[in-house]
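# Architecture and fold: a report
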Amino acid sequence: MKLRFTKMHGAGNDFVVIDATASPLSLSAAQLQRLGDRRLGVGADQILVVERASSSEADFRYRIFNGTSGEEVEHCGNGARCFVRFVHEKGLSDRNPLRVETVNNRLVLQAQPDGRVTVDMNAPIFEPERVPFDAAGLTPRLAGPPPALPLWPLDLDDTVVEVAVLSMGNPHAVVLVDDVDRAPVTQWGPRIERHRRFARKVNAGFVQIIDRGHVALRVYERDAGETLACGTGACAAVVAGIRQGLLDPAVEVDTRGGRLRIEWAGGDAHVFMTGPAQTVFEGEIEL
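Residues numbered from 1 in each chain as written. Predicted model: local features only at pLDDT ≥ 70, side-chain atom pairs only at ≥ 80, totals over all residues. Heavy atoms only, no water.

### What to know about the nonpolar core
Judged by nonpolar contacts, the single largest core of 54 residues is most densely connected at Y62, F83, L109, V174, V253, I262 and V271. A total of eight residues in this core trace back to one element, the largest contributor, which is helix α4 (residues 231-243). Once residues lying within four places of it in the same chain are set aside, the contact partners of L109 are A80, F83, V84, N96, P97, L98, V100, T118 and V119. Counting residues in each nonpolar core, the second largest holds 23 residues, with V161, V185, I192 and F198 among its members. (Core = buried A, V, L, I, M, F, W, Y, C linked by side-chain atoms within 4.5 Å. Buried < 20%, exposed > 50% of the residue type's maximum accessible area, 1.4 Å probe, protein only. Helix = DSSP H or I, 4+ residues; strand = E, 2+ residues; numbered from the N terminus. Contact = heavy atoms within 4.5 Å.)

Structure, rendered in structure tokens:
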């Protein structure tokens, strides 16, 4: 089959975006992996599929597939920003904001006059069983003002690392480091990602606090390795910092691919992420 696609990126986190609004599209894991392959296909961290909404409460359905494994995943914040730009550029809708449904959530996406996009990422989830994270037998250190954030000791065989565990619609483990450039991302990242206590694996974030309104971040993503940016990872890192009393409610996040702005008022408030979305090129591939 021949498939039309658009290559996009959000702060360096790159995607193959496919319009499946006219007719249903079913791709095998092997075909999705081919699209994600940087040598034999197009190359992307994730494959994004735009579909018709299944209910009147949403404008579109948004499906996300890992470009390495071909598996469907729960959430991708940088992809959500590209989703808005794709839908508007293709003339699929002129609504702003857009309401989109994912495999486990509903998002509100707002295009800004400066070309950036703001995503309502919903409220963070801290209950270990909902992440999911097996906390059995562990005693966390409580950090920050009430309600303090549990920092869980994670055994990596030769060392124990304290991680903040939460979900932004997908699982995250956040490690506070002194220098993100020297952090052992490639050594600890895959060991945290595949740790037995995370039933569905986890995105491992390494965050350096520069000041109360500014952090630097690297993320080792599930099944993708280290990426240039991770939107949900930026949200998780900032939320963890705010819960510990280390950050203000609005924070600029420097990733290796660009800058994101994360806002969270605490408690049950929703997290808002603002950042760029760019179209790179369009093409057709035979699968």
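### A few points about the pairing of strand β14 (residues 214-221)
Burial within β14 is extensive, with eight of its eight residues counted as buried. Where burial is concerned, the two faces of β14 agree: the one with H214, A216, R218 and Y220 and the one with V215, L217, V219 and E221 are both buried. Looking at chain direction, strand β13 (residues 203-211) and β14 are connected through seven bridges and run antiparallel. Looking across to β14, one finds that F206 is bridged to R218. With antiparallel pairing between neighbouring strands as the criterion, β13 and β14 make up a hairpin whose turn holds two residues. Across three bridges, β14 lies against strand β16 (residues 250-255) in parallel orientation. When the sheet's bridge partners are listed, H214 is paired in β16 with E252. (Pairing = 2+ DSSP bridges.)

In short, shape yes, function no, at least from these values alone.
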